[in-house]
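# Structural overview
As a plain string of letters, each chain reads:
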Amino acid sequence: MSNKVIGKIGVVGAGNMGSGIAQKIAQEGINVVMLDVKEEFVNRGMSNIKKILEEGIERKIFTPAKVQEIQSRITGTTDLNALADADIVIEAVFEDKAVKSDLFAKLDKVCSPATILATNTSSFFVKDFAEKTSRPDRFVGLHYFYHPAKNRLLEVIPHAGTSKETVEKSILAAKLHGKTAIVVKDAPGFAVNRFFVPFLNEAARMLEENMANIPTIEAAGKKAFRIGMGAFELMNVTGIPIAVHSSNTLGNELGPFYATSPIMKTQMDKKENWNLSGEVDESKIEAVIDRFHGVCLGVAAALVDEGVATMEDTDRGAKIGLRWAMGPFEIMNKIGIEKTYSLVSSVTKIYPDFKMPGILEKQKNSGKPFSFSYVDLEIKGKMAYITINRPEAMNSLNEAVFAQLDDRFSVAEKNPDVKAIVFTGAGKAFVAGADIRYFVEKIKAGKVSDIVDFTRKGHELFLRIENSKKLTIALLDGLSLGGGSELALACQAIIATPAGSMAFPETGIGIYPGLGGMLRFALIAGPELSKYYTFTGTTLSVKDAFDLGIVTVVAEPASIDNAIDDLISKGKPDKYKKREIPARFKETAALCGSDNVLKLLAGQQPEGVGAEPAAKALKTMGFKAPLALKISNEIIDRQTGKPVPEAIEIELGRLQEIFSTSDALEGLSSLGRKRPEYKGK
Ligand SMILES: NC(=O)c1ccc[n+]([C@@H]2O[C@H](COP(=O)([O-])OP(=O)(O)OC[C@H]3O[C@@H](n4cnc5c(N)ncnc54)[C@H](O)[C@@H]3O)[C@@H](O)[C@H]2O)c1
């Protein structure tokens, strides 16, 4: 076994799912062994992977060298013994109970006792296979979504006997190969298929009832969930037999409401796709949307009621796994709980075995919308873990997240057993900045003062984190941007894994880092480098951040707990102690030194630095908002030498001004859509 926490993963079955899973694992830097029964099937899987990676080269996602590196991490085999020392083995063979059972019995014999065995089954219970092994505690469901190299969702499904360690290791494995994990009970359809399959089935039923024609049902489905494909087109793409099979499973386990519509079976028997052509009847769209909502929202509420998944994970599943614009619970809040209740009520009248979920009943009586939890607190002995759990938005910070961070932090701080409070982000990122949409809405509504109040509250929390009597640690194990990097900088220590990074992209979107990032960066690594990273938005790698004294400890994922223990025993690090900047940063610092910075801001060649780095910085800064650059330069200058609370007032004092510029609105609203055009006002 490798000394890394997950050094080798086995994938059994090199078909559609298995090859995609293996590809993704290799893409994220983990060695993978892919097995199938025959050499030719292994080769077919390998060539599928090659084809998709080559498309990636064409689309400039990968370089040819990167593709070679990815491929070199995948070993194909037909020999089960090659999986003996894998940390996890993921089964993705035919959806056949006997085939899977037989395979797991063999894997159990061959694999080391430490190996976790996982099934990617869609329709059987995880426990059915766990029971076939001598290690039910080290057995879990890992349910991927097509295409597994592209769709980020992963349902992690412990059965009743799965150990806590296995669940934790599975979640870590998910994170390490770029998946967003939701933990789901071992129940029919798990979380996502439980409401997705009824969506397909209900579309067919409405057709069968002559409620509307296919194009109308398609148009309504797309509108109901803001998705690119309707139910019939989705069935055409993934295969009607899969839909029938999944629906049969739900029907058998859960009763007639879930039973497959006869027209779907007929269509499957005809071995033909659905004919999508025809006219949309606008007059019927509303009724079809209502029916879709009644069914899907009702089922989502039912599964949460049964404890299959949380509301938040159910929403995440829909948004990440199915690419719905909003999750079912967010839709319920949007259309209103009263209306949701009445739509679900209508469905219970059509299908009497489907009962009104208690959670909806309760919410309706409360007269309030659902409120979501975005920040989790877990206390384990002397450690408190505060996890920002909004991976679908890369954990970005908004008012609700801040309020919950504040709340969880207060609870952790008050707990006398807690010695250290660790901030982490769920999924691949740490925290990708603040919620840009919030800023845009406030600017458009003429309420910039709300942004100032929001930022002030953020500062108050960050100061409490910085000055807490407990040791506060940021676990930087993924990308951080803007407000996320600022949260990390506000902690007393930063533990980073090699996957961590920091950057301040704000000046590129017309604003400046407003949560103390410039200030704290300058206090650790000097105002020149603070200016450089603010002006250029250059990503700071973990190695550079460590050499500069910004990151306290670099640790592999497997040794994070040790690193935390170590920090606790050493006591609080002296965050702002005087340090020498390593020689290799001197030239970068000189670029933004007092002799050069005004030249640089005026777009002129600085002196005493190489032509190449100067040209590069000038070019990068050419894409930034000029006013944002100018104001951040002034702020950093004025902050120098001031105590932290006073320095914070200086940056708060310019917020109204920067957010009122037309460049701020241009930059913030262009993000992800187009390159902003700045006018310098
Ligand atoms: N296709 C989807 O959208 C999807 C989504 C989630 C989960 N799943 C599940 O993933 C699993 C695989 O589905 P798929 O679509 O990749 O199927 P597939 O038919 O494309 O691939 C299955 C592969 O498993 C191999 N295989 C069969 N028995 C084997 C054995 N004993 N040892 C090693 N290899 C063996 C086959 O040769 C084949 O290459 C199924 O359980 C399915 O329910 C599928």
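Here is a short report on the structure shown in this document.

### Topic: the site of the ligand
Around the ligand lies a shell of 22 residues, among which Met17, Asp36, Glu95, Lys100 and Asn120 are the nearest. One of the side-chain nitrogen or oxygen atoms of aspartate 36 is found 2.6 Å away from an oxygen atom of the ligand. Within the side chain of asparagine 120, one N or O atom sits 2.9 Å away from an oxygen atom of the ligand. For the shell around the ligand, the secondary-structure elements that each account for two or more residues are helix H1 (16-27), helix H2 (39-58), helix H4 (97-110) and strand E6 (139-144). Its residues assigned to classes, the shell around the ligand comprises 12 nonpolar, six polar and four charged.

### Overview of the sheet that holds strand E1 (residues 8-12)
Ordered in space as E3-E2-E1-E4-E5-E6-E7-E8, the eight strands form an open sheet in which the pairing is mixed. With one partner strand each, in any of the chains shown, strand E3 (74-77) and strand E8 (180-183) form the two edges of the open sheet. Between one strand axis and the next, the sheet turns by 25° as a mean value, whatever way the strands run. Across four bridges, strand E7 (residues 153-158) lies against E8 in parallel orientation. Residue pairing for E8: valine 156 is matched across the bridge by valine 183. Sheet strands in contact with H2 are strand E2 (31-35) and E3, and its direction is about 155° off that of E3.

### Focus on unusual backbone geometry
Residue histidine 147 follows tyrosine 146 across a cis peptide bond; omega there is -10°. If you check the backbone angles, lysine 60 has positive phi at about 60° while not being a glycine. Note on placement: lysine 60 falls in the loop between H2 and helix H3 (64-72). The exposure class of lysine 60 is exposed, given its relative accessible area of 72%. The phi dihedral of asparagine 395 falls on the positive side, at around 60°, and the residue is not glycine.

### What to know about the pattern of salt bridges
Evaluated as defined, the whole model comprises 45 salt bridges. Here aspartate 313 and arginine 316 are joined by a salt bridge, their closest N and O atoms 2.7 Å apart. Highlighted residues: aspartate 313 and arginine 316, both in helix H13 (residues 311-321), separated by three residues, approximately one helical turn. The network of salt bridges with shared partners includes Asp313, Arg316, Lys319, Glu330 and Glu392.

### Here's the deal with the side chain of aspartate 128
Structurally, aspartate 128 is set in helix H5 (residues 126-130). In this structure the side chain of aspartate 128 is engaged in a polar contact, spanning 3.2 Å, whose partner is the side chain of lysine 97.

### Some remarks on the sheet that holds strand E18 (residues 553-554)
Note: strands within a sheet are paired through backbone hydrogen bonds, in either parallel or antiparallel orientation. On the basis of which strands lie adjacent, the open sheet formed by six strands has the order E9-E10-E11-E13-E15-E18 and mixed pairing. With partners counted over all chains shown, the strands left at the sheet margins are strand E9 (375-380) and E18, one partner each. In this structure, strand E11 (residues 420-425) lies alongside strand E13 (residues 471-476), joined through four bridges in parallel fashion. Residue pairing across strands places phenylalanine 423 opposite alanine 474, the latter belonging to E13.

### Concerning the pairing of strand E4 (residues 88-91)
Burial along E4 is two-sided: the face carrying Ile88 and Ile90 and the face carrying Val89 and Glu91 are both buried. Where E1 lies against E4, four bridges are found, and the strand directions are parallel. Considered in E4, the bridge of valine 12 is made with glutamate 91. Pairing geometry for E4 and strand E5 (residues 116-119), over four bridges, is parallel. Its bridge partner being in E5, isoleucine 88 is matched across the sheet by isoleucine 116.

### Considering H2
Taking 1.5 Å of rise per residue, 20 residues should cover 28 Å, and H2 covers 29 Å from first to last C-alpha, within 8% of that figure. All buried positions along H2 are accounted for by Val42, Gly45, Ile49, Ile52, Leu53 and Gly56. Projected down its long axis, H2 carries its buried residues within an arc of 100°, all on one side. Within H2, the exposed residues directed more than 90 degrees away from the buried face are Glu40, Lys51 and Glu58. Tucked into the core, H2 has its buried residues touching H1, E2, H3 and E3. Positioned one or two residues after H2, lysine 60 has a phi angle of 60°, which is positive.

Parameters at a glance
- Residues numbered from 1 in each chain as written.
- Predicted model: local features only at pLDDT ≥ 70, side-chain atom pairs only at ≥ 80, totals over all residues.
- Heavy atoms only, no water.
- Near = heavy atom within 4 Å.
- Polar contact = N/O pair within 3.5 Å; in protein donor to acceptor, adjacent residues only side chain to side chain.
- Helix = DSSP H or I, 4+ residues; strand = E, 2+ residues; numbered from the N terminus.
- Nonpolar A, V, L, I, M, F, W, Y, C, P; charged D, E, K, R; others polar.
- Pairing = 2+ DSSP bridges.
- Axes fitted to C-alpha atoms, helices over the stretch in contact; angles between N-to-C directions.
- Contact = heavy atoms within 4.5 Å.
- Buried < 20%, exposed > 50% of the residue type's maximum accessible area, 1.4 Å probe, protein only.
- Salt bridge = Lys/Arg side-chain N within 4 Å of Asp/Glu carboxyl O.
- Expected span 1.5 Å × (residues − 1).
- Arc of directions from axis to C-beta.

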